[in-house]
Structure formats: structure tokens, C-alpha cells
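# A structural walkthrough
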Amino acid sequence: MTTEPIRPVRPAAAPPRDRTFEMCFTSTPRGARLARRLAAVRLDAWGIPYGTDAHDAIALIVAELTTNAVRHGHVPGRDFHLRLHAPPHDRAVRVEVTDTRAERLPRRPAAPEGAADTEEEAGRGLILVSHLATRWAWHQRQDGPGKTVWAEYALPSRSQS
């Protein structure tokens, strides 16, 4: 009787998971900060670690879009909704922020003359988003009043990570 060495049985590789995080937040500066922090934690858990260019860029996109929802999309008593989505085989992360104010729509930003010389920080959120994101836009909500502003960030290929 020949005995073969016992080899550990490796579990089958788990199928790729759809990575989605979504949550409603109060339409306040505190709600926007919490949304950014929870998104940062989730990105790290998904393998987009703290301190990387991708993590920092996506967290900044979340911060800008949630701040805009609080400043420009606030309706008393209504929350904003954050959805962070990274499909399993796609190399992009999509950030969606939905508010309930339909009449205040985002416009494509144009850098104002002398923008580099001014120290004013207000009004630069969508300029930052347009530079960081691969693409961004907005659409009217289908399930009620308001709009969703979304941005997609292309992750670097695995060989560049």
C-alpha cells in the first residue's frame, strides 16, 4: 500500500463580487463628512488602500459631490443618498450622490480667469471632480424629485498598482 502525502484542499476561488455601498445621510456638513469617511473605509476594504492615488482621488470626489448635495441640493427634512459601486470585472469606481432638489442643476465648470491666483476655495468642487474623474454628469431622479450627480474614476491597471 502506497501512501501519498496529504495535501491540503484549497477552497475554490470565490466568484468576483459586485462591490456596492449605499446609504442615506443627513443633508448637513456632518452627514457629508460621515459619507466621505465611510466611503474611504469601504474603498480600503475593497482593496483600494488608504494613501494611494486612486483612494485619495475617489475620496475627494465623494467629498466634493456630498458637499455640493448639502450646499446646493438641501431640502429641509430630506437626506441625500450616496452610492459607491465597483463592478467585479470593471476597472472603474462610480460615485453617485442623489439629492431632492430638482431646480438647482450642476453646470459644467469653466475655470475662471485668474483662478490660480485667487485663494477662494468655494466653487471649485466640480472643477476638481472634472479633473479627477474619467467622466461625470447628472440626471433627474426617476423615483421622485431631485437629481443624481455621478462621477467615474478609472482605476490603474493591476500592473501599475
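Residues numbered from 1 in each chain as written. Predicted model: local features only at pLDDT ≥ 70, side-chain atom pairs only at ≥ 80, totals over all residues. Heavy atoms only, no water.

## Observations concerning the nonpolar core
Within the largest apolar cluster, 31 residues are counted, with the highest numbers of intra-cluster contacts made by Ile58, Leu65, Leu82, Leu84, Val93 and Val95. Looking at this core, the elements that each hand over two or more residues are β1 (19-25), α1 (29-45), α2 (53-72), β2 (80-86), β3 (92-99), α3 (125-132) and β5 (147-154). Setting aside its immediate chain neighbours within four residues, Leu84 contacts Arg19, Thr20, Phe21, Ala39, Leu43, Trp46, Ile58, Val62, Val93, Arg94 and Val95. (Core = buried A, V, L, I, M, F, W, Y, C linked by side-chain atoms within 4.5 Å. Buried < 20%, exposed > 50% of the residue type's maximum accessible area, 1.4 Å probe, protein only. Helix = DSSP H or I, 4+ residues; strand = E, 2+ residues; numbered from the N terminus. Contact = heavy atoms within 4.5 Å.)

## Here we look at the pattern of salt bridges
For side chains bearing opposite charge, pairing can occur when the charged atoms are close. Enumeration according to the criterion identifies 8 salt bridges in this entry. Taking the shortest distance from any N to any O, the salt bridge between Glu103 and Arg101 comes out at 2.6 Å. In this structure Arg101 comes out as partly exposed when scored by relative accessible area, which is 23%. (Salt bridge = Lys/Arg side-chain N within 4 Å of Asp/Glu carboxyl O.)

## Some details on the packing of aromatic side chains
The relation between two aromatic rings is expressed through the spacing of the ring centres and the mutual angle of the planes. A complete count under the given rule lists 1 aromatic pair for this structure. An angle of 25° between the planes, with centres 5.7 Å apart, marks the rings of Phe25 and Phe80 as stacked. Here the residue Phe25 occupies a position in strand β1, and Phe80 occupies one in strand β2, the gap between them amounting to 55 residues. Neither Phe25 nor Phe80 differs from the other in exposure class; each is buried. The ring centre of Trp150 lies 4.1 Å from the NZ or CZ of Arg94, which sits over that ring. (Phe/Tyr/Trp six-rings, centres within 6.5 Å; stacked < 30°, edge-to-face > 60°. Lys NZ or Arg CZ within 6 Å of the ring centre and 35° of its normal.)

## Considering the packing of α1 against α2
Remark: α1 packs on α2, axes separated minimally by 9 Å, with the N-to-C direction vectors making an angle of 155°. Relative to α2, the element α1 lies roughly antiparallel. For α1 against α2, the interelement crossing comes out right-handed. Each of Pro29, Ala32, Ala35, Arg36, Ala39, Ala40, Leu43 and Asp44 in α1 lies in contact with α2, whose residues at this interface are His55, Ile58, Ala59, Val62, Ala63, Thr66, Thr67 and Val70. (Axes fitted to C-alpha atoms, helices over the stretch in contact; angles between N-to-C directions. Parallel < 35°, antiparallel > 145°, perpendicular 65-115°, else oblique. Left-handed = near helix turned anticlockwise from the far one by under 90°.)

## Let's talk about the confidence of the model for the protein
Scored by pLDDT, the protein comes out at a mean of 85, with 78% of its residues at no less than 70. Within the model, pLDDT remains below 50 along residues 117-121, and this stretch shows 1 contact once partners closer than five positions in the same chain are excluded. (pLDDT = per-residue confidence, 0-100.)

## Some points on the sheet that holds strand β4 (residues 135-140)
As summarised here, the arrangement of the 5 strands in space is β1-β2-β3-β5-β4, forming an open sheet in which the pairing is antiparallel. On the outer flanks of this sheet lie β1 and β4, each paired with one strand and no other. Pairs of neighbouring strands in the sheet enclose a mean axial angle of 15°, with direction left out of account. Across the sheet, α2 touches β2, β3 and β5, and the angle it forms with β3 is around 10°. (Pairing = 2+ DSSP bridges.)

## Things to note about the packing of α2 against α3
Interaxial distance between α2 and α3 falls to 9 Å at its minimum, and their mutual angle equals 150°. Both α2 and α3 take part in a crossing whose hand is left-handed. Here Ala57, Leu60, Ile61, Glu64, Leu65 and Asn68 of α2 lie close against α3, whose contacting residues are Gly125, Leu126, Leu128, Val129 and Leu132.

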